[in-house]
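# What the coordinates show
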Amino acid sequence: MKVSVIIPTYNERDNLGELFERIDRALNGRDYEIIVVDDDSPDGTWELALELGERYPVRVIRRVGEKGLSSAVIRGFKEASGDVFVVMDADLQHPPEKIPELVGAIEGGADVAIGSRYVHGGRVRNWYWYRKLISKGAILIGRLALPKIRDVKDPVSGFFALRREVIAGAELNPVGFKILMEVLIKGHYLEVVEVPFTFGLRRAGESKLSGRTMWNYLRHVLRLMKWEGELDRLIKFSVVGASGILVNEGFLWAFVTFPGWDKILANVAATELAILNNFAWNDIWTFRDVRGKPLPNRLLNFHLAAFTGAVVQWMVYAGLILFGMNYLIANLVGIGFSFIVRFLFNRHVTWG
Ligand code: GDD
Ligand code: MN
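All of the points below concern the structure found in this document. (Residues numbered from 1 in each chain as written. Chains lettered and ligands numbered in written order. Predicted model: local features only at pLDDT ≥ 70, side-chain atom pairs only at ≥ 80, totals over all residues. Heavy atoms only, no water.)

### What about helix α3 (residues 69-79)?
Here α3 has its buried residues at S70, S71, A72, V73, I74, G76 and F77. Of the surrounding elements, those touching the buried residues of α3 are β1 (3-9), β2 (32-38), β4 (84-87), β7 (160-163) and α6 (179-186). (Buried < 20%, exposed > 50% of the residue type's maximum accessible area, 1.4 Å probe, protein only. Helix = DSSP H or I, 4+ residues; strand = E, 2+ residues; numbered from the N terminus. Contact = heavy atoms within 4.5 Å.)

What follows is the structure, encoded as structure tokens:
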């Protein structure tokens, strides 16, 4: 299998020499090519890459007037002639010595092989705890919001290999910020494996991805949720929730007015009827296509979700008023958290 190593670059001149040498040593004896996609770097990265092309099988794509990491990688996909594509950074944070393992996983039957910081044996060098926390938090949000990738530990890695068929015909969005996530949502594949590696230190130059990174990431997750239909689900779930409020209030009033029930008892009954109402609509509408578990099982889990949501709502409320927040606002925040918890519980467990 021919390997195409795709490397997006912007001002990486001082890293190229060592990078190419180590890639060449790692892929020694294999049929391979390096594709550098450079956005007309002021430091002349593309020029040096061309020069090094005399010693290594390098192709240089110099994009003028275009910028962006994801679009550079997508361009690399288009130009690559190999059977296996490897995507990696130029700054040696991704050890070239791991490439054979990634390619080996593909040859062994996997469709996508991810260089992963967060499976056993993988790690990040020299990150402060809060940097790790942000990274892991961001990944958790992505995995919860996009059930398709919920088993992937490092879906935002910039180091991965894939069979060329995975992205053939896939509509990859070039403003999509994390290209691997874009591939995992829109690509065609069955088996994904994660290969542990140590995310090292940048050898020379500086990182280009900071500042608005987190915000852009969340926007990307939202776009992918839309693509996956998960955003529609969220909206349906809200509509059903609103219908539940009407059912709850209506029956509460009716039970208190006609049979003259005690207001506490009437509330319990009305709440249960609202839960049943919500379950029914969610089952035949919101989550119709993901009904895997048997009905009694779904019904039980839906109750558990409602209960968990109520507990969370109360805890957030109690916590916030302890910190001096206005109780009405605290309650609203609690309701917001409860909503998220109930949606995720139902999406991943009840209809998971
Ligand atoms: N062509 C092109 N155009 N290349 C770019 C651009 C661009 O606009 N921006 C960055 N690059 C190249 C860099 O030259 C480098 O080779 C690679 O993309 C990664 O850029 P860094 O600036 O080193 O990114 P990072 O180290 O902050 O982030 C890396 O790790 C993240 C995980 O923590 C990347 O691999 C991310 O994709 C990854 O999510
Ligand atoms: Mn880097």
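There's more to say after this.
### A closer look at the pattern of salt bridges
Inspection of every chain in the model, using the stated rule, returns 23 salt bridges. The salt bridge involving E230 is made with R347; its shortest N-O contact spans 2.9 Å. Of the two residues, E230 sits in helix α8 (residues 230-257) while R347 sits in helix α11 (residues 327-350), which places them 117 residues apart along the sequence. For the pair shown, E230 and R347 are each scored as buried. A network of salt bridges, in which partner residues are shared, links K2, E33, R59, R75 and E79. (Salt bridge = Lys/Arg side-chain N within 4 Å of Asp/Glu carboxyl O.)

### Observations concerning the pairing of β2
Among the 7 residues of β2, 7 are classified as buried, and the element is accordingly described as predominantly covered. Side chains Y32, I34, V36 and D38 of β2 all project onto a buried face; the interleaved residues E33, I35 and V37 project onto the opposite face, where all are buried too. The pairing of β1 with β2 spans 7 bridges and is classified as parallel. Within β2, the residue paired with V5 across the bridge is I34. In this fold, the crossover linking β1 to β2 by way of helix α1 (residues 13-26) has right-handed handedness. In this structure, β2 lies alongside strand β3 (residues 58-62), joined through 5 bridges in parallel fashion. Across the sheet, I35 pairs through a bridge with R59, a residue of β3. As a crossover connection, the stretch from β2 through helix α2 (residues 45-52) into β3 is right-handed. (Pairing = 2+ DSSP bridges. Right-handed = clockwise from strand over helix to strand, strands pointing away.)

### A word on the site of ligand 1
Taken together, 25 residues lie around ligand 1, and E12, D39, D89, R202 and K208 are the ones closest in. One of the side-chain nitrogen or oxygen atoms of D89 is found 2.5 Å away from an oxygen atom of ligand 1. At 2.9 Å from an oxygen atom of ligand 1 is found a main-chain nitrogen or oxygen belonging to A90. Isolated, ligand 1 exposes 750 Å² of accessible area, and the fraction of that covered by the protein chains is 92%. Elements supplying a minimum of two residues to the shell around ligand 1: β1 and α3. Of the residues belonging to the shell around ligand 1, the class tally is 10 nonpolar, 6 polar and 9 charged. (Near = heavy atom within 4 Å. Polar contact = N/O pair within 3.5 Å; in protein donor to acceptor, adjacent residues only side chain to side chain. Areas by Shrake-Rupley, 256 points an atom, 1.4 Å probe, with all protein chains shown as cover. Nonpolar A, V, L, I, M, F, W, Y, C, P; charged D, E, K, R; others polar.)

### A short note on the pairing of β4
Every second residue of β4 is oriented toward a common face, with V84 and V86 on one face and F85 and V87 on the other, all of them buried. Alignment of β1 against β4, held across 4 bridges, turns out to be parallel. Each residue of the ladder has a partner; that of S4, found in β4, is F85. Pairing between β4 and β7: 4 bridges, direction antiparallel. Bridged to V86 within β7 is A161.

### Remarks on the nonpolar core
Formed by 73 residues in total, the largest nonpolar core has its most connected members in I7, L19, F20, I23, F77, L146 and L162. Sequence-distant contacts of L162, defined by excluding residues within four places in its chain, comprise F77, D83, V84, F85, I106, D111, V112, I167 and V183. In terms of nonpolar packing, the next biggest core, distinct from the first, is built from 8 residues, F237, F302, A306 and F343 among them. (Core = buried A, V, L, I, M, F, W, Y, C linked by side-chain atoms within 4.5 Å.)

### Thoughts on the layout of surface pockets
Which parts of space are left empty comes out when a probe the size of a water molecule is rolled across the atoms. Its volume calculated, the second largest pocket comes out at about 730 Å³. Lining the second largest pocket are 25 residues, with N248, N278, Q313, S338 and R342 sitting closest to its centre. Put simply, the parts of the chain that give the lining of the second largest pocket at least two residues each are α8, α9 (263-286), α10 (295-322) and α11. The dominant element in the lining of the second largest pocket, judged by the number of residues it contributes, is α8, at 8 residues. Considering only residue class, the lining of the second largest pocket consists of 13 nonpolar, 11 polar and 1 charged. (1 Å grid on protein atoms, 1.4 Å probe; cavity = no way out; pocket = protein on both sides within 12 Å on 5 of 7 lines; lining within 4 Å. Points joined across faces, edges and corners; volume = space filled by probe spheres on them.)

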